[in-house]
Amino acid sequence: LVIAGITGLWQKTDNQKLELTLFKHLKAASYLIIYFIIGCFLVFYFIKSDSLKGLYIVVPAFMILILPTFYLHLNYYNKCKECVFELNKNEIKVLKKGETLVFYQENFRSIEFYMSGTRLAGLAIRNLPFEDYYYAKIIMNDNSEIIITSLFSHKIDEILSSFYEKTQLIKTKDFYPIIPLS
């Protein structure tokens with residue numbers, strides 16, 4: 001698959017390499033950045049007239065919109081930092097800290113996607129900035145797992161579905177799809 005920059009379009013090829021870049025971090029955090037800019041504007045607007053009133057609006061908004069999204073972004077980054085995934089029809093290679101692990105498709109039991117209801121339904125409008133974050137957990141027959149987050153691509157569900165059509169796909173609605181610590 002080839003990811004086409006800002007548009008998010010992709011074309012099917014035999015191989016796909018997924019790695020984190022600064023652009024992908026910014027793209028994933030785009031809603032967070034927009035909400036943060038709006039929040040800053042509100043702070044400056046209300047502080048001019050009445051600082052206490054401004055704090056009553058800005059602090060809860062920051063705690064509801066910015067902090068949960070920032071935490072989710074850090075959770076995804078910490079789980080997959082220093083990982084590079086090389087996908088093809090037969091296997092997934094995970095390159096991490098100089099080591100290469102190879103997982104073969106015949107050993108895949110299922111691919112589970114954990115995503116918000118709006119993402120699952122394919123709605124374009126998001127209510128909260130963290131609703132576009134999701135992750136895929138590929139479970140092997142021996143119960144080992146690979147986790148690939150939306151920081152690598154916002155189309156990870158389509159990419160994995162097209163590469164591993166024979167594997168059982170499970171989509172789970174999760175309001176706040178955080179990766180549990182293992």
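Residues numbered from 1 in each chain as written. Predicted model: local features only at pLDDT ≥ 70, side-chain atom pairs only at ≥ 80, totals over all residues. Heavy atoms only, no water.

S.K.: Can you break down unusual backbone geometry residue by residue, with the values?
M.R.: At E82, a position not held by glycine, the phi torsion is positive, near 65°. Inspection of the secondary structure assignment puts E82 in the loop between α3 (51–80) and β4 (83–88). (Helix = DSSP H or I, 4+ residues; strand = E, 2+ residues; numbered from the N terminus.)

S.K.: An account of the environment of H154 is needed here, citing residue identities and associated values.
M.R.: Within the secondary structure, H154 is located in the loop between β9 (145–149) and α5 (156–163). Put simply, H154 and Y133 are 21 residues apart on the chain and 8.1 Å apart in space, counted from C-alpha to C-alpha. Reaching out from H154, the side chain makes a polar contact with the side chain of D132 at a distance of 3.5 Å. (Polar contact = N/O pair within 3.5 Å; in protein donor to acceptor, adjacent residues only side chain to side chain.)

S.K.: Residues and numbers for the environment of P177, please.
M.R.: Here P177 shows up in the segment after β10 (168–173). According to the relative accessible area criterion, P177 is buried, its value standing at 0%. For P177 and F113, which are 64 residues apart along the polypeptide, the C-alpha to C-alpha distance reads 9.5 Å. Filtering out sequence-adjacent residues up to four positions away, P177 remains in contact with L72, Y76, Y114, M115, Y133, Y134 and Y135. (Buried < 20%, exposed > 50% of the residue type's maximum accessible area, 1.4 Å probe, protein only. Contact = heavy atoms within 4.5 Å.)

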